Amino acid sequence: MRSLKQETMKHFSRSPECVFYVCCGSKCKKLGGKHLYKQMKGEVKHRHLKRHAQVIKTGCTDRCKMGPIVAVMPRNEWLLQVTEEMAVGLIHEYSKK
């Protein structure tokens, strides 16, 4: 008989190929970070990429003057002053791979 922990681990064993971390700290949020997060999450869902890409909102990344910030992993790219167009472009670029 399997334990609940084993079942849970099996469920999460598949990691996404790409993760977009969107800063939603207070300053980035004022600059549109929360809206950006929702837009990117919707775009991933619209393009049926939920198993391959994930959008996660984070707290402050300590780059407040350059917000909103999006970090793309595993590429370790930090994008500054991300606009809605840039965010959609990121998801579109990823979906072509």
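Placed above this text is the structure.
Okay, so let's go over this structure. (Residues numbered from 1 in each chain as written. Predicted model: local features only at pLDDT ≥ 70, side-chain atom pairs only at ≥ 80, totals over all residues. Heavy atoms only, no water.)

## Points about the sheet that holds strand S2 (residues 53-58)
Right, so step 1: The 4 strands are arranged S2-S1-S3-S4 in an open sheet whose pairing can be described as mixed. Edge strands, defined here as strands with exactly one partner in the open sheet, are S2 and strand S4 (77-79). With strand direction ignored, the average angle separating the axes of adjacent strands in the sheet is 20°.
Right, so step 2: Pairing analysis gives 4 bridges linking strand S1 (residues 18-23) to strand S3 (residues 70-73), with the strands arranged antiparallel. Considered in S3, the bridge of phenylalanine 20 is made with valine 72.
Right, so step 3: Sitting on the sheet, helix H4 (residues 84-95) touches S1, S2, S3 and S4, and the angle it makes with S1 is about 175°. (Pairing = 2+ DSSP bridges. Helix = DSSP H or I, 4+ residues; strand = E, 2+ residues; numbered from the N terminus. Axes fitted to C-alpha atoms, helices over the stretch in contact; angles between N-to-C directions. Contact = heavy atoms within 4.5 Å.)

## Quick notes on helix H3 (residues 33-46)
Right, so step 1: For H3, which comprises 14 residues, the first-to-last C-alpha distance of 20 Å matches the rise-based estimate of 20 Å (1.5 Å per residue) to within 8%.
Right, so step 2: Residues of H3 that are buried in the fold lie against S1, helix H2 (26-30), S2, S3 and H4.
Right, so step 3: Two residues or fewer after H3 comes histidine 48, characterised by a positive phi angle close to 55°. (Expected span 1.5 Å × (residues − 1).)

## Section: the pattern of salt bridges
Right, so step 1: Considering all chains together, one arrives at 3 salt bridges under this definition.
Right, so step 2: One salt bridge connects glutamate 43 with arginine 47, and the closest N-O pair in it is separated by 2.9 Å.
Right, so step 3: Salt-bridge contacts for glutamate 77 lead to arginine 75; the nearest nitrogen and oxygen are separated by 2.8 Å.
Right, so step 4: Within this structure, Arg75, Glu77 and Glu93 form a network of salt bridges that share partners. (Salt bridge = Lys/Arg side-chain N within 4 Å of Asp/Glu carboxyl O.)

## Considering the pairing of S1
Right, so step 1: Across the 6 residues that make up S1, a large majority, 5, are buried.
Right, so step 2: Strand direction decides the pairing type here: S1 and S2, joined by 6 bridges, are parallel. Along S2, the bridge assignment pairs phenylalanine 20 with valine 55. (Buried < 20%, exposed > 50% of the residue type's maximum accessible area, 1.4 Å probe, protein only.)

## Side note on the nonpolar core
Right, so step 1: Core analysis: the largest hydrophobic core is formed by 18 residues, its most contacted members being Phe20, Val22, Met40, Val55 and Val70.
Right, so step 2: When sequence neighbours within four positions are dropped, the list of residues in contact with valine 55 reads Phe20, Val22, Tyr37, Met40, Lys41 and Val44. (Core = buried A, V, L, I, M, F, W, Y, C linked by side-chain atoms within 4.5 Å.)

## Notes on a nonpolar patch on the surface
Right, so step 1: Together, Met66, Trp78 and Leu80 line one region of the surface with nonpolar side chains, adding up to about 250 Å² of accessible area.
Right, so step 2: Within the secondary structure, leucine 80 is located in the loop between S4 and H4.
Right, so step 3: Overall, leucine 80 belongs to the partly exposed group, its relative accessible area being 36%. (Patch = residues over 30% accessible without salt bridge, like charges linked within 9 Å, V, L, I, M, F, W, Y side chains within 5 Å. Areas by Shrake-Rupley, 256 points an atom, 1.4 Å probe, with all protein chains shown as cover.)

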